[in-house]
Amino acid sequence: DDDRVFPARVLGSDPATDVAVVRMTNPPRDLRPAALGNSDAVRVGDYVVAIGNPLGLGQTVTMGIVSAKNRSLGEKLGDIDPRYQDFIQTDAAINQGNSGGPLFNFQGEVIGIN
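In this report, the structure presented in the accompanying data block is examined. Within any chain, residue numbers begin from 1 and follow the written order of that chain's sequence. Local features in this predicted model are restricted to residues of pLDDT 70 or higher, and side-chain atom pairs are both shown and tallied only at a pLDDT of 80 or more, whereas totals for entire chains, interfaces and linings draw on every residue. No hydrogens and no water enter the side-chain calculation; it runs on all heavy atoms of the structure.

## Thoughts on the overall build of the protein
Test applied: Helix and strand labels come from DSSP, where a helix needs a run of H or I of at least four residues and a strand needs a run of E of at least two; each type is numbered from the N terminus. Using a 1.4 Å probe on the protein chains alone, a residue whose accessible area is under 20% of its type maximum counts as buried, one over 50% counts as exposed, and one in between counts as partly exposed. Areas reported here follow the Shrake-Rupley algorithm with a probe of radius 1.4 Å; residue values treat only the protein chains shown as occluding.
Counting its regular elements, the protein contains 0 helices and 7 strands. The secondary structure elements of the protein, listed N-terminal to C-terminal, are β-β-β-β-β-β-β. Buried positions account for 21% of the 114 residues belonging to the protein. Roughly 8300 Å² of accessible area belongs to the protein as shown, and the carbon and sulfur atoms make up 51% of that amount.

Structural data, given as C-alpha cells:
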C-alpha cells in the first residue's frame, strides 16, 4: 500500500456476491499480476490465505484451510441467489469488505475469489 491510485474501468460486477472485474487503463510496469492456480487441484485440508479490505481496514490477511469443495446454495441464503454454486469453502476469516478479494494457495497462486 503506497497510496497510488490507478484509473480503471469496471468490466462486470455481481452485487449478490460482492465481486467485480476491473481493468486498469494504464497499469504501471512495477505491478505484476498474481498467478492463477488450478482450483480443481485444491484439496480439502489445504492451507489458504485470504486477502482483503474488511470494514475499510486495508492490507488484511487471514489464513485457514479448505473446509469443503463444490459447495452450492440450494436455497436463498440472505441476499445470495441460489444459482451460485461450486464454492470453495474455507475457515479463513472473510468479513464484510473481504469478499471479492483473492484466495491464495501456499504457492502464491489465486485459487478462488472470496
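## A closer look at the side chain of Asn105
Our working rule: By the convention used here, residues are in contact when the closest approach between their heavy atoms is within 4.5 Å.
Note on placement: Asn105 falls in strand E6 (residues 102-105). If sequence neighbours within four positions are ignored, Asn105 has contacts with Tyr47 and Ile111.

## Description of the environment of Ala34
In this fold, Ala34 is placed in the loop between strand E2 (19-24) and strand E3 (47-52). It is 7.7 Å that separates the C-alpha atoms of Ala34 and Gly108, two residues lying 74 residues apart in sequence. Not counting residues within four places of it along the chain, the set of residues in contact with Ala34 comprises Phe104 and Val110.

## Details of the nonpolar core
Defined as follows: Buried Ala, Val, Leu, Ile, Met, Phe, Trp, Tyr and Cys residues that are joined via side-chain atoms within 4.5 Å together make up what is termed a nonpolar core.
Counting residues in hydrophobic clusters, the biggest one holds 7 residues: Val42, Val48, Ala50, Val66, Ala92, Leu103 and Ile111. Sequence-distant contacts of Ile111, that is, excluding residues within four places in its chain, are made with Gly37, Ser39, Val42, Val48, Ile88, Leu103, Phe104 and Asn105.

## Details of the pattern of salt bridges
Going by this rule: Each salt bridge in this description consists of a side-chain nitrogen of Lys or Arg and a carboxyl oxygen of Asp or Glu lying within 4 Å of one another.
For the coordinates displayed, the defined rule picks out 3 salt bridges. A salt bridge links Asp2 to Arg4; the shortest N-O distance between them is 2.7 Å. On the basis of relative accessibility, which here comes to 46%, the residue Asp2 falls in the partly exposed class. Using a relative accessible area of 37% as the deciding quantity, one classes Arg4 as partly exposed. The salt bridge partner of Asp30 is Arg4, with a shortest N-O separation of 3.1 Å. One end of the pair, Asp30, is in the loop between E2 and E3; the other, Arg4, is in the segment before strand E1 (8-14), and 26 residues separate them in sequence. For Asp30, a relative accessible area of 53% puts it in the exposed group. Linked by salt bridges that have partners in common, Asp2, Arg4 and Asp30 make up one network.

## A few points about the environment of Ser67
For clarity, the cut-off: Polar contacts, as used here, are pairs of N or O atoms within 3.5 Å; protein pairs need one atom able to donate a hydrogen and one able to accept it. Residues neighboring in sequence count only if both atoms are side-chain atoms.
In this structure, Ser67 sits in strand E4 (residues 60-72). Considering only alpha carbons, one finds Ser67 and Thr90, 23 residues apart in sequence, at a separation of 4.9 Å. Beyond its immediate sequence surroundings of up to four residues, Ser67 is in contact with Val44, Gln89, Thr90 and Asp91. Separated by 3.4 Å, the side chain of Ser67 and the backbone nitrogen of Asp91 make a polar contact.

## Quick word on the pairing of E6
Note the following rule: DSSP calls a pair of strands paired once it identifies at least 2 bridges connecting them.
Two strands pair when backbone bridges link them, and E3 and E6 are joined in this way by 3 bridges, in the antiparallel orientation. Bridge pairing links Val49 to Phe104 in E6. The sheet contact formed by E6 and strand E7 (residues 110-113) spans 3 bridges and is antiparallel. Among the inter-strand pairings, Leu103 is bridged to a residue of E7, identified as Gly112. Count of turn residues in the E6/E7 antiparallel hairpin: 4 residues, of which Gly108 carries a positive phi of about 80°.

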